[in-house]
Amino acid sequence: MKAIIKTGGKQYSVKAGDTLDVELLEHNDDNKIIFETVLLINDGKSVQVGAPTVAGATVEADVVGEVQDDKLIVYKYKRRHNCRVKKGHRQKKLRILVKEIKGAA
């Protein structure tokens, strides 16, 4: 069973057992996250497409940990003024493990 979820302004195609990095989310001490914005579910036989979401469908995931993305270099300069600024940035992300996809009843 596959699903497409939306979190952090992005859409991810997931199935049970997938590990993926998403934008940093708040989570409880039990390290479980439930995504309720499921846009599509494909169980191999039929496809449920939401308008805009599939009603009653959820995706359950466990939190593996917090990780940092690759470093991005931001370089600003003004020509002929000897003005240069070099900065780096590493975005924090949340690594999750998809446990179960529950379709609409």
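Computed from a predicted model, the values in this text were never measured in an experiment. (Residues numbered from 1 in each chain as written. Predicted model: local features only at pLDDT ≥ 70, side-chain atom pairs only at ≥ 80, totals over all residues. Heavy atoms only, no water.)

1. Some points on the overall build of the protein
Then, in step 1: Along the backbone of the protein there are zero helices and 10 strands.
Then, in step 2: Secondary structure elements of the protein occur, N-terminal to C-terminal, as β-β-β-β-β-β-β-β-β-β.
Then, in step 3: Taken over C-alpha atoms, the radius of gyration comes to 19 Å for the protein, far larger than the 13 Å a tight globule of 105 residues would show.
Then, in step 4: A principal-axis box enclosing the C-alpha atoms of the protein has dimensions of 65 × 30 × 20 Å.
Then, in step 5: Considering the protein as a whole, with its 105 residues, one finds that 25% of them fall into the buried category. (Helix = DSSP H or I, 4+ residues; strand = E, 2+ residues; numbered from the N terminus. Rg over C-alpha atoms; globule rule 2.2 N^0.38 Å. Buried < 20%, exposed > 50% of the residue type's maximum accessible area, 1.4 Å probe, protein only.)

2. Some points on the packing of aromatic side chains
Then, in step 1: What the rule picks out here adds up to one aromatic pair.
Then, in step 2: Note on Y75 and Y77: the rings are 6.3 Å apart at their centroids and 35 degrees apart in plane angle, and the pair reads as tilted.
Then, in step 3: For Y75, a relative accessible area of 47% corresponds to the partly exposed category. (Phe/Tyr/Trp six-rings, centres within 6.5 Å; stacked < 30°, edge-to-face > 60°.)

3. Observations concerning the sheet that holds strand β5 (residues 38-42)
Then, in step 1: The four strands lie next to each other as β2-β1-β5-β6, forming an open sheet whose pairing is antiparallel. Edge positions in the sheet fall to β2 (10-15) and β6 (47-49), since each has one partner strand and no second. When the angles between neighbouring strand axes are averaged without regard to direction, this sheet yields 15 degrees.
Then, in step 2: With six bridges joining them, strand β1 (residues 2-7) and β2 adopt antiparallel strand pairing. From the neighbouring strand, I4 faces β2, where its bridge partner is S13. (Pairing = 2+ DSSP bridges. Axes fitted to C-alpha atoms, helices over the stretch in contact; angles between N-to-C directions.)

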